[in-house]
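Descriptive structure summary
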Amino acid sequence: EQCPLDGSMHTKAAGQSWEKRRPLAVMIENHTEARLQSGLSQANIIYEAVAEGGITRFMALFYCNLADIQVGPVRSARTYYLDWLGEYDALYAHVGGANTPGPADALGQIIRYEVKDLNQFSIGFPVFWRDYQRLGHPVATEHTMYSTTSKLWEVGAKREWTATDSAGIKWDSKFTPWKFKNEENGGATSKISVNFWESQPGYQVEWNYDPETNSYLRKNGNENHTDLNNNEQLSAKNIVIQFVSKQVLDDEGR
């Protein structure tokens, strides 16, 4: 069965499983003190953008993997991720969010957009928990929030946010998937560099083509970017780079 999000191929059992649920989006931070993250290597699609002060943040979408995946550190919502989220009508897991009146009011938008919201503030333990020793040494509180995909989907199911919601509307009724073709060897280019913020080299990204896997391997801040769950370097078959205008809205650099 072909995953509608990323075109990857899975067993029929996996297809029968994902047909019963909707995609799950999780906000995962990328602060240098929060690395390594958990779960990114098993996401179907990942969005990365600057959250504040040149620090990037991920919105990872999970849908077609049968495994229960530990994810984190989970962080707060930002307004532009909600626009991307709307394409999937997905569950949205996060810890609070920007609520500055005006264009940065992510929490207000969650209400207005009728997002299927899994805010840690309203759920708590044991769906979410803090792990202060996740990296083998103490870290600041904001870098410690964790959950798993199964726990989050279970909360969604209890709220009747499965593949079809309480109004009888299937999550993909207005979804337009990417178009995929059979793999061909050779990347479009051998190296892709993305510098999100000139004064923050720790968030510069490199994607280097690997002929053995026919994919791009990710470096983050000039280091191989690996997943704490499995020590696997993050890789991607397809990379989209979008250039947009940006505006700083407050003293935190949001």
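Now for a quick tour of the structure. (Residues numbered from 1 in each chain as written. Predicted model: local features only at pLDDT ≥ 70, side-chain atom pairs only at ≥ 80, totals over all residues. Heavy atoms only, no water.)

**Quick word on the pairing of strand 8 (residues 145-148)**
Here strand 8 shows no split at all, with M145 and S147 on one side and Y146 and T148 on the other all buried. Across two bridges, the pairing between strand 4 (residues 70-71) and strand 8 is antiparallel. Looking across to strand 8, one finds that V71 is bridged to S147. In the sheet, strand 7 (residues 129-130) pairs with strand 8 via two bridges, with the strands oriented antiparallel. When the bridges of strand 8 are listed, R130 appears paired with M145. (Buried < 20%, exposed > 50% of the residue type's maximum accessible area, 1.4 Å probe, protein only. Helix = DSSP H or I, 4+ residues; strand = E, 2+ residues; numbered from the N terminus. Pairing = 2+ DSSP bridges.)

**Digging into the sheet that holds strand 7**
The strand order across the open sheet formed by three strands is 4-8-7, and the pairing between neighbours is antiparallel. Strands at the two margins of the open sheet, each flanked by one partner only, are strand 4 and strand 7. Those strands touched by helix 4 (residues 149-158) are strand 4, strand 7 and strand 8, and its axis lies near 75° from that of strand 8. (Contact = heavy atoms within 4.5 Å. Axes fitted to C-alpha atoms, helices over the stretch in contact; angles between N-to-C directions.)

**So, the pattern of salt bridges**
According to the stated counting rule, one finds 11 salt bridges in the structure shown. The partner of R78 in a salt bridge is E52, with the nearest N and O atoms 2.5 Å apart. With R78 in the loop between strand 4 and helix 2 (79-85) and E52 in strand 2 (residues 45-52), this residue pair connects regions lying 26 residues apart in the sequence. Both residues of the pair, R78 and E52, belong to the buried class. Of the charged contacts, one joins K116 and D89 as a salt bridge, the two residues approaching to 3.0 Å between their closest N and O atoms. Remark: D89 occurs in the loop between helix 2 and strand 5 (91-94) and K116 occurs in strand 6 (residues 116-119); sequence separation between them is 27 residues. With a relative accessible area of 9%, K116 lands in the buried category. Overlapping salt bridges bring together E19, K170 and D172 as one network. (Salt bridge = Lys/Arg side-chain N within 4 Å of Asp/Glu carboxyl O.)

**Regarding the side chain of S215**
Within the secondary structure layout, S215 lies in strand 11 (residues 215-220). At 2.7 Å, the side chain of S215 forms a polar contact with the side chain of T213. If we skip the residues at most four places from it in the chain, S215 touches N208, Y209, D210, S235, A236 and K237. (Polar contact = N/O pair within 3.5 Å; in protein donor to acceptor, adjacent residues only side chain to side chain.)

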